[in-house]
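Now for the letters of each chain:
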Amino acid sequence: MRHASHGKASSEVLRNVKTTGSRHSAAHSAAHGVSRKAHGSHSSRVLSQRQSSSAQLVPALAAGSSLNLSQIELAVTTRLNQMSPVTRRSFREAARRKTRKSQMMAGTALAALFGTAATAMVVLGPNDQTLVAHASQTSSSQTITDASNGTSQEDVSRSESRAALDKETVSTNGGTGSWAMSDDKVDVSKLSRSKAQNSTVANLMDADASVVPAGFNADHATGDTGNAYEFSQCTWWVYTRRHQLGLPVGSHFGNAYQWATSAKALGYWVDNTPRHVGDIIVFRQGQEASSTAYGHVAIVEKINADGSIVTSESGEVMAGKTYSRTLANVHDFEYIHY
């Protein structure tokens, strides 16, 4: 009797399993069909059904109800679809949100730039702000009155809109001043370009710019410690006269015929051409009736148009007085310039 009951119970259980299995198969097929339909057409109605199923699932779980496999699979599928955009519209909306975010960031940066410019305007003084405003106004297109005929033009050139600048009055920091144009031209030949400390030498160097030896140092040592030559000698007179003319000369150049060599050793410019008033003429021993033992020196006082020179000289027999003569063979001598 117990076995029969047991068998009957088993038959009922089996029927329940089959019934449950049939319901599970039907529900499972329905869930897959819904899922495929949702992915294929991206219908908003299907998404609403999934959300409704998920909403129904939460109370059931809270009440401790038992769920079959089809309900769990439907809930999981619905949740996964909610976590990621599954429609083309969702992708377009995401792209639009990204674009709006980029535009907002660009707008913020532009606002910051304008804020910086406004701060700079505040920091500038009133005069500076006026200049900035004037610059911004003149940069745009505006009507300008032609100074020649009083007519208005749009964007005329500067040459067409301005009067001749014969004289102009300007305002500068609380005062006024005027300037006038002139046809006078600066003679650059009168401007000293030499860096010589001796102004006389600097002027002579400007005149000799094309012939001064390369590398010549105008500020070379002069060897001047005062007039150490015997009174009324030719050397005494030359030293005295050079100082009168503002030209350098040494105090210990030796005998007259040795002066050219001594001057070269200190850096003086020495050659065989008379160039300026004040050049020292050096005579060799016995040349032009000079001393056969000591030679002779003199000063160039004038260079004639024909190239000849006029001298000033002295000697022991002159008792401090001077004499002059004209020499035509000018290139037979050496000349100490500066």
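Residues numbered from 1 in each chain as written. Predicted model: local features only at pLDDT ≥ 70, side-chain atom pairs only at ≥ 80, totals over all residues. Heavy atoms only, no water.

## So, the overall build of the protein chain
Counted only if it meets this: Where helices and strands are cited, they refer to DSSP runs of H or I of at least four residues and of E of at least two residues respectively, numbered from the N terminus. Buried residues are those whose accessible area, probed at 1.4 Å on protein chains only, stays under 20% of the maximum for their type, while exposed residues exceed 50% and partly exposed ones sit between those limits. Whether two residues are in contact is decided by their heavy atoms: any pair within 4.5 Å suffices. Residue-level accessible areas treat just the shown protein chains as cover; the underlying method is Shrake-Rupley with a 1.4 Å probe.
Along its length, the protein chain carries nine helices and 10 strands. Burial status across the protein chain gives 25% buried among its 338 residues. Relative to all contacts within the protein chain whose residues are 6 or more apart in sequence, the contacts with residues 24 or more apart total 50%. Summed over its atoms, the accessible surface of the protein chain is roughly 22,700 Å², and 55% of this surface lies on carbon and sulfur atoms.

## Remarks on the pattern of salt bridges
We apply this condition: The working definition used for a salt bridge is a side-chain nitrogen of Lys or Arg within 4 Å of a carboxyl oxygen of Asp or Glu.
Under the counting rule described, the total for this entry stands at five salt bridges. The partner of Lys264 in a salt bridge is Glu334, and the shortest N-O contact between them spans 3.4 Å. Placement of the pair is Lys264 in helix α9 (residues 259-266) and Glu334 in strand β10 (residues 334-336), with a sequence separation of 70 residues. The salt bridge partner of Arg325 is Glu313, with a shortest N-O separation of 2.7 Å.

## Quick notes on the sheet that holds strand β7 (residues 296-303)
Worth spelling out the cut-off: At least two DSSP bridges between two strands are required for those strands to pair. Throughout, an axis means a line fitted to C-alpha atoms (over the contacting stretch in the case of helices), and angles, computed between N-to-C directions, take values from 0 to 180 degrees.
Within the open sheet, the six strands sit side by side as β5-β10-β6-β7-β8-β9. Their pairing is antiparallel. With one partner strand each, in any of the chains shown, β5 (270-271) and β9 (326-327) form the two edges of the open sheet. Looking at chain direction, β5 and β10 are connected through two bridges and run antiparallel. Across the sheet, residue Val270 finds its bridge partner in β10, namely Ile336. This element, helix α8 (residues 234-244), spans β6 (280-283), β7, β8 (309-312) and β10 of the sheet and lies at about 40° to β7. Packed on one face of the sheet, α9 meets β5, β6, β7 and β10 and runs near 45° to β10.

## Details of the nonpolar core
Note the following rule: Note on terminology: a nonpolar core comprises buried Ala, Val, Leu, Ile, Met, Phe, Trp, Tyr and Cys residues joined through side-chain atoms within 4.5 Å.
With 19 residues, the main nonpolar core has Phe253, Trp259, Ile280, Val282, Val297 and Ile336 as its most contacted residues. Among the elements of the structure, α8, α9, β6 and β7 are those that each provide at least two residues to this core. No other element matches α8, which puts five residues into this core. Beyond its immediate stretch of four places on either side in the chain, Val282 contacts Ala256, Tyr257, Trp259, Ala260, Gln287, His296, Val297, Phe333, Glu334 and Ile336.

## Re the pairing of β8
Each regular strand displays side chains that alternate between the two surfaces of the sheet. Two strands pair when backbone bridges link them, and β7 and β8 are joined in this way by four bridges, in the antiparallel orientation. Across the sheet, residue Ile303 finds its bridge partner in β8, namely Ile309. In this antiparallel pair of consecutive strands, β7 and β8, the connection spans five residues, and Gly307 shows a positive phi of 95°. Of the strand pairs in this sheet, β8 and β9 are connected by two bridges, and their pairing is antiparallel. What sits directly across from Val310, in β9, is Thr326.

## Comments concerning the confidence of the model for the protein chain
For the record, the criterion: How sure the predictor is of each residue is captured by pLDDT, a score from 0 to 100.
Taken over all residues, the pLDDT of the protein chain has a mean of 73, while the share at 70 or more is 53%. In this model, residues 151-156 is a region of pLDDT below 50 whose contacts with residues beyond four sequence positions or in other chains number 18 contacts.

## A closer look at the side chain of Arg241
When you line up the elements, Arg241 lands in helix α8. Excluding anything up to four places from it in sequence, Arg241 contacts Ile299 and Glu301.

## What about the environment of Gln233?
Tracing the sequence through the fold places Gln233 in the loop between α7 (199-207) and α8. The class for Gln233 is partly exposed, based on a relative accessible area of 21%. On a C-alpha basis, the gap between Gln233 and Gly320 in space is 7.8 Å, while along the polypeptide they are 87 residues apart.

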